[in-house]
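# A closer look at the structure
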Amino acid sequence: MRPSGPADDRATASAAATATTAASESPFRSFRAWPVRVQSPRVRYTDRHVEAQYEYRTARVTPDLQRQVLEAREHTLSYTFRTELRVPRLGLLQVGWGGNNGSTVTAAVVANRERLSWAARGGPQAANYYGSLTQAATVHVGSDAAGRDVYVPLSSLLPMVHPNDLVLGGWDVSSLNLADALERAQVLEPDLRRQLRPLLQDMRPWPGAFDRSFIASNQWPRADNVLAGGKGEQLRALRGHIQQFKREHALERAVVVWTGNSERYSSLPPEAHQRAPALLAAIDADHAEVSPSTLYAVAAVLEHCPFVNGSPQNTLLPSVVELARQHHVPVLGDDFKSGQTRLKSVLVDYLLECGFKVRAMVTYNHLGNNDMYQLTDRVMWQPKSSSKSRVIDDLVASNGLLYGPHEQPDHAVVVQYVPYLGDSKRDVSEYTSEAFMGAHYTSVMHNECLDSMLCAPLIIDTAILCELFTRVSFRRTDAPGDYEPLHPVLSVLGFFMKSPQVPPGEPVVNALRRQRACLENMLRALVGLPPESHLRLESKCRVEAPPSSDGESGAAGAARPVAAE
Ligand SMILES: NC(=O)c1ccc[n+]([C@@H]2O[C@H](COP(=O)([O-])OP(=O)(O)OC[C@H]3O[C@@H](n4cnc5c(N)ncnc54)[C@H](O)[C@@H]3O)[C@@H](O)[C@H]2O)c1
Ligand SMILES: O=P([O-])([O-])O[C@@H]1[C@@H](O)[C@H](O)[C@@H](O)[C@H](O)[C@@H]1O
């Protein structure tokens, strides 16, 4: 049976649209699967593209020493964005396919596609994509005739791949098929694993590029499915896998997502670290410091596949980014932001935005999955420790009222391996802040969730959104020139990462609120909608009708908008 998808939902929506809706509820909830089409003189839809002119208004701030003011001068750049509307058949190739995340992604896509449900404590549980931004989040698009807010699925702003249509493949240094990998992971319920076994047992990971010096020795026994030969031969084999997969499945595009074990940092010689030709030469020379994850990234870029680094190691070297620029292939990293760190980037933002001075954060994780087992190796822990620790840097730097130039809160990041708990990650965190007049405000959080259930939706989202941004190009409206692709480092998707990679010169943003606003406003700009301002001036800038002679207020507070200029 063809996987369900937007077309089926649209049919349902149109049927539902005739249904009466509660007066208090916006009628648009019934149209939730309909695409948004913007009517504007600045937006043009053709059968192939949507082209949107966008005035990017910012301000350039300079101190005026004489007047002792900070002068904020409006600075506007005019762009035209072009987005191809045709959605391709998309492959999702996971490195670490047989791991907890990789197998959970696979199970979720197949279970949703087949509309499976399974026995659960509270009754039958149906497959869903909760936790996914593209599948379960909405955006405010405008208001209806009655002034009620209209929210639509984020995925209805522009055509995107539906996860049910993803064609799945990947590599793993462990030879288990995906049904057995699901058993090993112990993430999903037994009844679902039982139903999935016949559908997953023929999914077998390709042998992986492997170098035992890059991961903990406790992982070595697992590696029974590795490529032979030096790094140059491994690279050619990886590229061959991608070419064969795209050919066999008639794929126009595939996204490669690293969800393999966290590696140690690689330390290549400066030339290979910085420049693409030197990196390729180092690979051919079988240099010991070329990491397996960098081999996958290079293979992906050379095969025009966007590459996502879901782990904290330095896979996306400047030389890899240079190669991505040369081949116009998007890359995204590092280290999925899925649990404690994501909450930290919300909570600290909230505390600082409310003027509390965060002084101490003690954040503690314990869990018992294989990833945590690997991280008991203190060398492998270093990249993860760094990505979990730096997540508040932009927030602290943004408030010079509360913090001096080099002042930082105390910040402890502790993790503990507790085998019995398996994939169930427990986050116990305490945030202590200085409040008004010497008071202290202490927040204590306890969260528990299966680690892979938090991360799997992000793998799906990053694959879908990386593919979307390969269809986006831009040119300066106010200057001649052809359309060109966005910078390959997709910082617009920083929302998904603990340690977002950014193009040279762009500041790193970690506050989740700002990251989501950036992504949402980028999608809005691609269809010519203005950035979300939350101003609702239509209700703030209105003149109440004068009270009538009997002293009653104007007809039930009837308001009339201020006459247009
Ligand atoms: N919430 C989360 O689960 C979360 C959040 C952020 C980041 N991550 C990162 O995602 C990665 C995967 O997490 P997981 O829980 O699935 O781990 P896991 O240990 O269950 O799976 C990793 C898989 O990668 C395979 N592998 C290792 N090196 C490989 C190579 N060179 N080539 C091919 N396969 C290789 C292993 O055999 C294993 O099956 C980890 O690096 C983790 O730090 C996870
Ligand atoms: O995302 P988060 O909860 O801050 O951090 C988590 C770590 O604490 C955990 O040790 C690791 O196994 C997960 O992959 C994840 O990275």
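Counting restarts for each chain: residues are numbered from 1 in the order of the written sequence. Each chain takes a letter, starting from A, and each ligand takes a number, starting from 1, following the order in which they are written. Where totals are concerned, whole chains, interfaces and linings use all residues; where local detail is concerned, this predicted model gives features only for residues with pLDDT of at least 70, and gives and counts side-chain atom pairs only at 80 or more. Calculation of side-chain values draws on the structure's entire complement of heavy atoms; hydrogens and water are dropped beforehand.

## So, the overall build of the chain
As a reminder of what qualifies: The helix count covers DSSP runs of H or I at least four residues long, the strand count covers runs of E at least two residues long, and both are numbered beginning at the N terminus. In this treatment the radius of gyration is a C-alpha quantity, and the globule benchmark scales as 2.2 Å times the residue count to the 0.38 power. Buried means the residue's accessible area, taken with a 1.4 Å probe over protein chains only, is under 20% of the maximum for its type, while exposed means over 50%, and partly exposed covers the values in between. Should any heavy atoms of two residues lie within 4.5 Å, those residues are counted as being in contact. Computed by Shrake-Rupley with a 1.4 Å probe, the accessible areas treat only the displayed protein chains as cover when residues are assessed.
Within the chain, the regular secondary structure consists of 17 helices and 20 strands. For 565 residues, the compact-globule estimate of 2.2 N^0.38 gives 24 Å, and the C-alpha radius of gyration of the chain, at 26 Å, lies within 12% of that figure. Along the first, second and third principal axes, the C-alpha atoms of the chain reach 90 × 65 × 60 Å. For the chain, the residues scored as buried account for 50% of the 565 residues in total. Restricting the contact set of the chain to residue pairs at least 6 apart, pairs at least 24 apart contribute 71%. Just so you have it, the chain exposes about 26,900 Å², and 54% of that area is on carbon and sulfur atoms.

## Describing the packing of aromatic side chains
To keep things clear, this is the line we draw: To pair, rings of Phe, Tyr and Trp, with the six-membered ring standing in for Trp, must have centres within 6.5 Å; the planes then decide the type, stacked if under 30 degrees apart, edge-to-face if over 60, and tilted in the middle. We count a charge as sitting over a ring when the NZ of a lysine or the CZ of an arginine lies within 6 Å of the ring centre and within 35 degrees of the ring normal.
Evaluated as defined, the whole model comprises 11 aromatic pairs. For the pair Tyr54 and Phe81, a centre-to-centre distance of 6.2 Å together with 50° between the ring planes defines the contact as tilted. With Tyr54 in strand β2 (residues 49-64) and Phe81 in strand β3 (residues 69-84), this residue pair connects regions lying 27 residues apart in the sequence. Across the pair, exposure class does not vary: Tyr54 and Phe81 are buried alike. Seen from their ring centres, Tyr79 and Phe81 are 5.9 Å apart, and the 25° between their planes marks the pair as stacked. Here the two residues Tyr79 and Phe81 agree in accessibility, since each one is buried. Above the plane of the ring of Tyr45 lies Arg37, whose end atom (NZ or CZ) is 4.0 Å from the centre. Here the basic side chain of Arg264 rests over the ring of Phe214, its NZ or CZ set 3.9 Å away from the ring centre.

## Concerning the pairing of strand β15 (residues 424-434)
Note the following rule: We treat two strands as partners when DSSP finds at least two bridges between them.
Relative to β15, strand β13 (residues 357-367) runs antiparallel, the two being bridged by 9 bridges. Opposite Thr363, over in β15, you have Ser429 as the bridge partner. Of the pairings in the sheet, the one linking β15 to strand β16 (residues 440-450) comprises 11 bridges and is antiparallel in character. Note that in β16 the partner of Arg426 across the bridge is Glu448.

## Observations concerning the site of ligand 2
Keep this limit in mind: When at least one non-hydrogen atom of a residue lies within 4 Å of a molecule or strand, that residue is treated as near it. Each polar contact in these results corresponds to two N or O atoms within 3.5 Å; when the atoms are within protein, one needs to be able to donate a hydrogen and the other to accept it, and residues that are neighboring in sequence are counted only if both atoms are side-chain atoms. Any residue outside Ala, Val, Leu, Ile, Met, Phe, Trp, Tyr, Cys, Pro, Asp, Glu, Lys and Arg is labelled polar, Gly included; the first ten of those are nonpolar and the last four are charged.
Neighbouring ligand 2 are 15 residues, the closest being Thr341, Asn365, Asp371, Lys425 and Lys498. In this structure, Gln340 approaches ligand 2 through a main-chain N or O atom, which is 2.9 Å from an oxygen atom. Residue Lys425 places a side-chain N or O atom 2.5 Å away from an oxygen atom belonging to ligand 2. Bound to the protein, ligand 2 loses 95% of the 370 Å² it would expose on its own. Elements represented by at least two residues in the shell around ligand 2 include exactly α11 (340-353), β13, α12 (370-375) and α13 (378-389). Looking at side-chain class alone, the shell around ligand 2 contains 4 nonpolar, 5 polar and 6 charged residues.

## Quick notes on the pairing of β3
Where β2 meets β3, 16 bridges bridge the pair, whose relative direction is antiparallel. Within β3, the residue paired with Gln53 across the bridge is Thr80. Joining the antiparallel neighbours β2 and β3 is a turn of 4 residues, in which Gln68 adopts a positive phi near 55°. Where β3 meets strand β17 (residues 472-476), 5 bridges bridge the pair, whose relative direction is antiparallel. When the sheet's bridge partners are listed, Phe81 is paired in β17 with Phe474.

## What to know about the confidence of the model for the chain
Applied cut-off: The predictor reports its confidence for every residue as pLDDT, a score running from 0 up to 100.
Confidence along the chain averages 92 in pLDDT terms, with 91% of residues attaining 70 or more. Counting interchain partners and residues more than four positions distant, the pLDDT-below-50 stretch residues 1-24 has 30 contacts. Counted against residues more than four places away or in other chains, residues 561-565, with its pLDDT under 50, gives 2 contacts. As scored by the predictor, the complex reaches a pTM of 0.92 and an ipTM of 0.98.

## A look at the nonpolar core
As a reminder, the rule being used: Nonpolar cores were defined as sets of buried Ala, Val, Leu, Ile, Met, Phe, Trp, Tyr and Cys residues, with membership established by side-chain atoms within 4.5 Å.
In this structure, Leu196, Phe469, Leu493, Leu519 and Leu523 are the most contacted members of the largest nonpolar core, which totals 77 residues. For Phe469, the contacting residues outside a window of four places in its chain are Leu486, Leu490, Val492, Leu493, Leu519, Met522, Leu523 and Leu526. Membership of the second largest hydrophobic core comes to 42 residues, among which are Phe245, Val290, Ala300 and Val320.

## Regarding the UniProt feature "domain: Myo-inositol-1-phosphate synthase GAPDH-like" (unreviewed entry) in the chain
The criterion, for reference: UniProt positions are given in the numbering used here, feature names are shortened, and annotations may be inferred rather than shown by experiment.
Sites flagged by UniProt as "domain: Myo-inositol-1-phosphate synthase GAPDH-like" (unreviewed entry) map to residues 339-452. Between the end C-alpha atoms of residues 339-452 the distance is 10 Å, and the span holds 34% helix and 36% strand.

## Examining the pattern of salt bridges
The line we're drawing: Any carboxyl oxygen of Asp or Glu within 4 Å of a side-chain nitrogen of Lys or Arg constitutes a salt bridge here.
Following the criterion strictly, the structure yields 28 salt bridges and no others. Note that Arg82 and Glu51 form a salt bridge whose closest N and O atoms lie 3.0 Å from each other. Placement of the pair is Arg82 in strand β3 and Glu51 in strand β2, with a sequence separation of 31 residues. The class for Glu51 is buried, based on a relative accessible area of 11%. Arg193 is paired through a salt bridge with Glu183; the nearest N and O atoms lie 3.2 Å apart. Separated by 10 residues along the polypeptide, Arg193 in helix α5 (residues 190-200) and Glu183 in helix α4 (residues 178-185) bring together distant segments of the chain.

## Topic: the sheet that holds β3
Strand order across the open sheet formed by 5 strands is β1-β2-β3-β17-β18, with antiparallel pairing between neighbours. The outermost strands of the open sheet, each flanked by one partner alone, are β1 (43-45) and β18 (484-485).

## Notes on the environment of Arg193
Classification of Arg193 as buried rests on a relative accessible area of 9%. Counting along the chain gives 86 residues from Arg193 to Ala107, while the straight-line C-alpha distance between them is 8.2 Å. Leave out the neighbours within four places in its chain, and Arg193 touches Leu182, Glu183, Gln186 and Leu188. Within the local environment of Arg193, its side chain forms a polar contact with the backbone oxygen of Leu188, the two atoms lying 2.5 Å apart.

## Topic: unusual backbone geometry
In this structure, the amide linkage connecting Gly333 to the following residue, Asp334, adopts the cis form with an omega of -5°. Within the chain, Gln186 stands out as a residue other than glycine whose phi angle is a positive 55°. Along the chain, the position of Gln186 falls in the loop between α4 and α5. At His304, a position not held by glycine, the phi torsion is positive, near 60°. Note that His304 resides in the loop between α9 (292-302) and β11 (307-309).

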